[in-house]
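Fold and geometry: a report
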Amino acid sequence: MRIVLGADHGGYELKEAIRKHLEAQGFEVKDMGTYSTDSVDYPKYGFAVGDAILKGEADLGIAICGTGQGISMAANKMPGIRAALCTETFSARMAREHNNANVLTLGGRVTGTGLALDIVDIFLKTEFSGGRHALRVNLISNIERGEEI
(Lines give C-alpha, C1' and ligand atoms only; values in the text may rest on other atoms or scores of the structure.)
Protein backbone atom coordinates (compact mmCIF):
# COMPACT_ATOMS: atom_id res chain seq x y z
CA MET A 1 0.00 0.00 0.00
CA ARG A 2 1.24 3.48 -0.90
CA ILE A 3 0.78 6.17 1.76
CA VAL A 4 1.26 9.91 1.31
CA LEU A 5 2.13 12.07 4.31
CA GLY A 6 1.97 15.80 4.76
CA ALA A 7 2.19 18.13 7.73
CA ASP A 8 2.70 21.72 8.71
CA HIS A 9 5.14 22.78 11.42
CA GLY A 10 2.67 21.80 14.17
CA GLY A 11 2.50 18.27 12.83
CA TYR A 12 6.10 17.82 11.71
CA GLU A 13 7.32 15.76 14.67
CA LEU A 14 4.31 13.43 14.60
CA LYS A 15 4.66 13.06 10.81
CA GLU A 16 8.25 11.95 11.27
CA ALA A 17 7.24 9.35 13.88
CA ILE A 18 4.48 8.05 11.60
CA ARG A 19 6.81 7.96 8.58
CA LYS A 20 9.34 5.83 10.48
CA HIS A 21 6.56 3.59 11.81
CA LEU A 22 5.14 3.00 8.33
CA GLU A 23 8.50 2.42 6.68
CA ALA A 24 9.37 -0.14 9.38
CA GLN A 25 6.19 -2.02 8.40
CA GLY A 26 7.15 -2.00 4.72
CA PHE A 27 4.72 0.63 3.47
CA GLU A 28 5.75 2.75 0.50
CA VAL A 29 5.71 6.30 1.90
CA LYS A 30 5.67 9.54 -0.07
CA ASP A 31 6.50 12.52 2.16
CA MET A 32 5.14 15.84 0.90
CA GLY A 33 6.74 17.84 3.72
CA THR A 34 7.18 19.99 5.65
CA TYR A 35 10.69 19.02 6.61
CA SER A 36 11.22 21.15 9.73
CA THR A 37 9.40 23.01 12.48
CA ASP A 38 9.69 26.32 10.62
CA SER A 39 6.28 27.98 10.25
CA VAL A 40 4.41 27.07 7.05
CA ASP A 41 0.81 27.22 5.77
CA TYR A 42 -1.15 24.02 6.53
CA PRO A 43 -3.52 24.22 3.51
CA LYS A 44 -0.62 23.60 1.11
CA TYR A 45 0.11 20.28 2.78
CA GLY A 46 -3.52 19.20 2.94
CA PHE A 47 -3.81 19.95 -0.77
CA ALA A 48 -0.54 18.12 -1.54
CA VAL A 49 -1.77 14.96 0.21
CA GLY A 50 -5.13 15.11 -1.55
CA ASP A 51 -3.52 15.80 -4.91
CA ALA A 52 -1.25 12.76 -4.61
CA ILE A 53 -4.27 10.55 -3.96
CA LEU A 54 -6.30 12.05 -6.81
CA LYS A 55 -3.37 11.55 -9.20
CA GLY A 56 -3.08 7.90 -8.18
CA GLU A 57 0.33 8.37 -6.58
CA ALA A 58 -0.92 7.01 -3.23
CA ASP A 59 -3.73 4.82 -1.97
CA LEU A 60 -4.35 6.65 1.31
CA GLY A 61 -3.07 9.79 2.97
CA ILE A 62 -2.25 11.11 6.41
CA ALA A 63 -2.21 14.86 7.00
CA ILE A 64 -1.20 16.51 10.25
CA CYS A 65 -1.33 20.04 11.63
CA GLY A 66 -1.41 21.33 15.21
CA THR A 67 -5.01 20.30 15.87
CA GLY A 68 -5.87 18.36 12.72
CA GLN A 69 -8.80 20.70 12.10
CA GLY A 70 -7.35 23.10 9.55
CA ILE A 71 -5.58 20.52 7.42
CA SER A 72 -8.78 18.42 7.40
CA MET A 73 -10.80 21.40 6.18
CA ALA A 74 -8.25 22.09 3.45
CA ALA A 75 -8.11 18.49 2.22
CA ASN A 76 -11.90 18.20 2.23
CA LYS A 77 -12.15 21.11 -0.23
CA MET A 78 -10.84 18.77 -2.92
CA PRO A 79 -13.55 16.82 -4.78
CA GLY A 80 -12.96 13.13 -4.21
CA ILE A 81 -11.12 13.55 -0.93
CA ARG A 82 -12.82 12.36 2.24
CA ALA A 83 -10.59 13.45 5.11
CA ALA A 84 -11.46 12.35 8.64
CA LEU A 85 -10.04 13.90 11.79
CA CYS A 86 -9.68 11.02 14.23
CA THR A 87 -8.75 11.37 17.89
CA GLU A 88 -9.27 7.72 18.88
CA THR A 89 -9.31 4.32 17.21
CA PHE A 90 -13.08 3.77 16.95
CA SER A 91 -13.48 6.86 14.75
CA ALA A 92 -10.56 5.74 12.60
CA ARG A 93 -12.17 2.35 12.06
CA MET A 94 -15.58 3.83 11.24
CA ALA A 95 -14.09 6.50 8.96
CA ARG A 96 -12.70 3.73 6.75
CA GLU A 97 -15.40 1.08 7.21
CA HIS A 98 -18.46 3.33 6.80
CA ASN A 99 -17.20 6.50 5.11
CA ASN A 100 -14.39 5.19 2.91
CA ALA A 101 -12.18 8.02 4.15
CA ASN A 102 -9.04 8.30 2.05
CA VAL A 103 -7.20 10.79 4.26
CA LEU A 104 -6.65 10.53 8.00
CA THR A 105 -5.98 13.82 9.74
CA LEU A 106 -4.36 14.14 13.14
CA GLY A 107 -3.42 16.89 15.56
CA GLY A 108 0.27 16.88 16.35
CA ARG A 109 -0.25 19.10 19.38
CA VAL A 110 -3.22 17.19 20.79
CA THR A 111 -2.68 13.49 20.05
CA GLY A 112 0.23 11.65 21.65
CA THR A 113 2.52 9.57 19.50
CA GLY A 114 1.49 6.19 20.91
CA LEU A 115 -2.21 6.83 20.37
CA ALA A 116 -1.56 8.36 16.94
CA LEU A 117 0.31 5.24 15.80
CA ASP A 118 -2.59 3.05 16.97
CA ILE A 119 -5.03 5.29 15.07
CA VAL A 120 -2.86 5.07 11.94
CA ASP A 121 -2.65 1.27 12.16
CA ILE A 122 -6.43 0.89 12.54
CA PHE A 123 -7.11 3.37 9.71
CA LEU A 124 -4.77 1.57 7.31
CA LYS A 125 -5.90 -1.98 8.06
CA THR A 126 -9.66 -1.30 7.95
CA GLU A 127 -11.45 -1.95 4.66
CA PHE A 128 -14.51 -0.10 3.38
CA SER A 129 -17.59 -2.28 3.94
CA GLY A 130 -19.55 -0.94 0.93
CA GLY A 131 -23.23 -1.85 0.80
CA ARG A 132 -25.53 0.79 2.23
CA HIS A 133 -22.46 2.83 3.12
CA ALA A 134 -21.44 3.03 -0.54
CA LEU A 135 -24.76 4.70 -1.32
CA ARG A 136 -24.06 7.34 1.32
CA VAL A 137 -20.50 7.93 0.17
CA ASN A 138 -21.85 8.35 -3.37
CA LEU A 139 -24.21 11.04 -2.09
CA ILE A 140 -21.17 12.96 -0.86
CA SER A 141 -19.57 12.61 -4.30
CA ASN A 142 -22.75 13.77 -6.05
CA ILE A 143 -22.93 16.92 -3.93
CA GLU A 144 -19.24 17.57 -4.62
CA ARG A 145 -20.04 17.58 -8.34
CA GLY A 146 -22.99 19.92 -7.83
CA GLU A 147 -25.62 17.30 -8.62
CA GLU A 148 -28.95 17.22 -6.86
CA ILE A 149 -29.84 14.38 -4.56
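Below or above, wherever it landed, is the structure these notes cover.

About the thresholds
Residues numbered from 1 in each chain as written. Predicted model: local features only at pLDDT ≥ 70, side-chain atom pairs only at ≥ 80, totals over all residues. Heavy atoms only, no water. Helix = DSSP H or I, 4+ residues; strand = E, 2+ residues; numbered from the N terminus. Buried < 20%, exposed > 50% of the residue type's maximum accessible area, 1.4 Å probe, protein only. Polar contact = N/O pair within 3.5 Å; in protein donor to acceptor, adjacent residues only side chain to side chain. Contact = heavy atoms within 4.5 Å. Pairing = 2+ DSSP bridges. Right-handed = clockwise from strand over helix to strand, strands pointing away. Core = buried A, V, L, I, M, F, W, Y, C linked by side-chain atoms within 4.5 Å.

1. Here's the deal with the side chain of Asn102
Along the chain, Asn102 turns up in the loop between helix 4 (89-97) and strand 5 (103-107). Using a relative accessible area of 8% as the deciding quantity, one classes Asn102 as buried. Among the polar contacts listed, one links the side chain of Asn102 to the backbone nitrogen of Arg82, at a separation of 2.8 Å. Non-local contacts of Asn102, meaning those with residues more than four positions away in its chain, are made with Ile53, Leu60, Gly61, Gly80, Ile81, Arg82, Ala83 and Phe123.

2. A look at the environment of Glu13
Looking at where Glu13 falls in the secondary structure, it is placed in helix 1 (residues 12-24). Sequence separation between Glu13 and Gln69 is 56 residues; the distance between their C-alpha atoms is 17 Å.

3. Here's the deal with the pairing of strand 5
Counting buried positions over the five residues of strand 5 gives five, a clear majority of the element. One ladder, built from five bridges, connects strand 3 (residues 60-65) with strand 5; its direction is parallel. What sits directly across from Ile62, in strand 5, is Leu104. Two strands pair when backbone bridges link them, and strand 4 (residues 83-85) and strand 5 are joined in this way by three bridges, in the parallel orientation. From the neighbouring strand, Leu85 faces strand 5, where its bridge partner is Thr105. Handedness of the crossover joining strand 4 and strand 5 through helix 4: right-handed.

4. Observations concerning the nonpolar core
Formed by 23 residues in total, the largest nonpolar core has its most connected members in Ile18, Leu22, Ile62, Leu104, Leu106, Val120 and Phe123. When contributions to this core are tallied by element, the ones reaching two or more residues are strand 1 (2-7), helix 1, strand 3, helix 4, strand 5 and helix 5 (113-125). The element that contributes the greatest number of residues to this core is helix 5, accounting for seven residues. With residues near it in sequence (within four places) discarded, Ile62 still touches Ile3, Val4, Leu5, Gly6, Ile18, Leu22, Val49, Leu104, Leu106 and Val120. Residues Ala52, Ala58, Ala63 and Ala83 belong to the second largest nonpolar core, which totals 14 residues.

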